[in-house]
Amino acid sequence: MVVSTGWSWWHALGRRKVLDSLALGSSELARVLSTFDLTALGVGSTLGVGVYVLAGNVSKNIAGPAVVVSFLIAAVASLFAGLCYAEFGARVPRAGSAYIYSYVCVGEFVAFIIGWNLILEYVIGSASVARGLSKYLDSLLNETMEQTFLETMPMATDSFALSPYFDIFAFGISFILAVALSLGVKESSLVNSLFTIVNIAVVLFVILAGSFKADSKNWAIKKEDIITDSPQGGGEGGFFPFGVSGAIKGAATCFYGFVGFDCVATTGEEVRNPQKAIPIAIILSLTIIFLSYFGVSTVLTLMWPYYLQDSDAPIPKVFLETGWPVAQWIVTIGGIFGLCASLFGAMFPLPRIIYAMAMDGLIFQFLGKVHHYFKTPFYGTLIAGLLTGLMAAIFDLDQLVNMMSIGTLLAYTIVAACVLLLRYTDLELCGGSDIVSSEYIESTNLVTLKEPVTFGTVSRQLFNPFRKKHPTFLSSSVVTVEVLVFGILSTLLGLCVVFWERDLADLNPWALSVTSVIGGILVLILLSVSLQPPSSKPLSFKVPFVPVVPAVSIVINIYLMLRLDGNTWIRFGVWMAIGVMLYFGYSIRHSEEAMFHCKTPIPVKDWLWGS
């Protein structure tokens, strides 16, 4: 088969994954997980390092007692993303999370970019937790492990972000956990559920025990009473010592404490009744996580002045200072269980992403081979554990921690956009553009259904003056373009807020005018989208208040991405460059969808240079 230049290359980038009802129900993986297992997985993967570190750090350096408001804002932002994930979990219950969602809805190249990005996110996230567990345990042993590793396995290097020693403990715990995951999902999830229950019990203990030592005066400290050596100072005192802007800035940091719940969405092929279990587990996970963060941060700032909090281990420090050494050790030991659960939850999604991409032919297929006995992606899991352990052992992740966030935020943005696109089209998930339901034929004029996309027809459809009740090719095309423009303008709006922050605070006319115009156009786009005919496809869960909720999620996620430092974007760019080379060198010709759409793979000369 001869493939023409240009068009075939472009078509390959945009081809979408075919999923029929049979494919949605079948899987090589064992369906053994329940809603409780998924909820425990979501809570365990998120409620780890954050609950033992984040509250103290944000309250001392960024928000003060208003850290509770920061967590509330972050929870709302996370809930928007969680609702979008929940709807997609109901639509596409397959392994792969945001990767499979974007493959079904947007196209192959975008899906590859998301999947490649998620691999990096989960590797960095798992490695950071493993390294954190190592340091946490070492602090209980008076840094004995660090001194031993420095003497026996030093890494004499001045290279950027490398560790001064090879952390064999972090490497070992990562690989051991990978082996446990490869031997069976149900067995390893039972251990994770146990660790998560202990973790939640410790959080409840902190909240209940700490409430007896709470003093409301710590939320009304006067500026003249503040004595601190913190570089940030103690602010102005009161509940908002760093101002309302401090609480909002703290929310950007606290948002990363909610990263991890999306691992629930990667389990679509290992869950009983995934259409109902995944949405329920996501909402329950976010609720438990928020209540835990809110309760712990409230108790911490009421028990002890915010400016005296310990940035690294606030909970044990507070109980020690208030004269409860027994409680200090209960929290310390409970922290180990919490970090173990967090490590499990962080590593669990990685082999599922690798499995999904390997089965689609976008990465080497042996990585997705399912073991005949254990019913897990055996080799992919072990290689994921090896890679995670290596990263945890040789890298100082202080400079790389934001890499985990940028991948997550990008995935959240794509999923929210996909929800908007699918909500305003009735095309089946198999991706065919010529499928017309009988309901269409009965309620929609066929001439209108096949109406050509021209400037005149698009202009008339922008606000749907004829009140069409069912999506057409024209209305779907309008929404697609509007979502794309919305994403671009959201980026411009975020850049304005980031770079003109002081000008906006000083009410600079030029900055206010440009920002207001962009915001106004975004509102008009949302109004136009809301007037388009929605899909009537029944789902077990739907995002409420569409298009507002997905749109707000897109704006928030893009803004938080733009708040990340330049070095994070550079490292992200390098990783993406490697991925793009892999896609055009291997994936585009070995994709399962390429075999489906074309009996003969696209020749190298045609997609690379043209013929």
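Computed from a predicted structure; not experimentally measured.

Okay, the overall build of the protein chain next. Along the backbone of the protein chain there are 27 helices and zero strands. Residues counted as buried form 54% of the 611 residues belonging to the protein chain. Sequence separation of 24 or more characterises 81% of the internal contacts of the protein chain that already satisfy a separation of 6 or more. Split by element, the accessible area of the protein chain, about 25700 Å² in all, is 69% carbon and sulfur.

Attention shifts here to a nonpolar patch on the surface. Side chains of Leu-484, Ile-488, Leu-492, Leu-495 and Phe-499 sit close together on the surface and give an oily, nonpolar patch of about 500 Å² of accessible area. Looking at the element boundaries, Ile-488 is found in helix α21 (residues 473-499).

In contact at an axis separation of 8 Å, helix α9 (residues 168-182) and helix α16 (residues 378-394) are set at 165° when each is read in the N-to-C sense. Taken as axis vectors, α9 and α16 run roughly antiparallel relative to one another. As for how α9 packs across α16, the hand of that crossing is right-handed. Along the contact surface, α9 presents Ala-170, Phe-171, Ser-174, Phe-175, Ala-178, Val-179, Leu-181 and Ser-182, while α16 presents Phe-378, Thr-381, Leu-382, Gly-385, Leu-386, Thr-388, Gly-389, Leu-390, Ala-392 and Ala-393. Grouping the amino acids of the contact of α9 with α16 by side-chain chemistry returns 12 nonpolar, six polar and no charged.

As a further point, take the pattern of salt bridges. In the structure shown here, the tally under the stated rule is four salt bridges. For Glu-321, the salt bridge goes to Lys-317, with nearest N and O atoms at 4.0 Å. Highlighted residues: Glu-321 and Lys-317, both in helix α13 (residues 314-321), separated by four residues, approximately one helical turn. Judged by relative accessible area, Glu-321 falls into the partly exposed class, the value being 38%.

Here we come to unusual backbone geometry. Along the chain, Val-546 connects to Pro-547 via a cis peptide bond; the corresponding omega equals 15°. Within the secondary structure layout, Pro-547 lies in the loop between α23 (509-530) and α24 (548-562). The phi dihedral of Leu-507 is positive, around 60°, even though this residue is not glycine. Mapped onto the elements of the fold, Leu-507 is located in the loop between α22 (501-505) and α23. Note on Leu-507: relative accessible area 58%, which makes it exposed. The backbone of Phe-545 sits at a positive phi, close to 55°, despite the residue not being glycine. As for its placement among the helices and strands, Phe-545 is situated in the loop between α23 and α24.

In contact at an axis separation of 10 Å, α21 and α23 are set at 155° when each is read in the N-to-C sense. The angle between α21 and α23 falls in the class roughly antiparallel. For the crossing formed where α21 meets α23, the hand is left-handed. The segment α21 lies against α23, with Glu-482, Val-485, Phe-486, Leu-489, Ser-490, Leu-492, Leu-493 and Cys-496 engaging Val-514, Thr-515, Ile-518, Ile-521, Leu-522, Ile-525, Leu-526, Ser-528 and Val-529. When the residues that make up the contact of α21 with α23 are grouped by side-chain class, the tally is 13 nonpolar, three polar and one charged.

It is worth spelling out the environment of Gly-238 at this point. Topologically, Gly-238 is positioned in the loop between α10 (185-211) and α11 (243-255). Here Gly-238 falls in the buried class, since its relative accessible area comes to 18%. Along the sequence, Gly-238 and Ala-220 sit 18 residues apart, while their C-alpha atoms lie 4.2 Å from each other. Dropping the residues within four chain positions of it, Gly-238 is found in contact with Pro-65, Trp-219, Ala-220, Ile-221 and Tyr-306.

What counts and what doesn't
- Residues numbered from 1 in each chain as written.
- Predicted model: local features only at pLDDT ≥ 70, side-chain atom pairs only at ≥ 80, totals over all residues.
- Heavy atoms only, no water.
- Helix = DSSP H or I, 4+ residues; strand = E, 2+ residues; numbered from the N terminus.
- Buried < 20%, exposed > 50% of the residue type's maximum accessible area, 1.4 Å probe, protein only.
- Contact = heavy atoms within 4.5 Å.
- Areas by Shrake-Rupley, 256 points an atom, 1.4 Å probe, with all protein chains shown as cover.
- Patch = residues over 30% accessible without salt bridge, like charges linked within 9 Å, V, L, I, M, F, W, Y side chains within 5 Å.
- Salt bridge = Lys/Arg side-chain N within 4 Å of Asp/Glu carboxyl O.
- Axes fitted to C-alpha atoms, helices over the stretch in contact; angles between N-to-C directions.
- Parallel < 35°, antiparallel > 145°, perpendicular 65-115°, else oblique.
- Left-handed = near helix turned anticlockwise from the far one by under 90°.
- Nonpolar A, V, L, I, M, F, W, Y, C, P; charged D, E, K, R; others polar.

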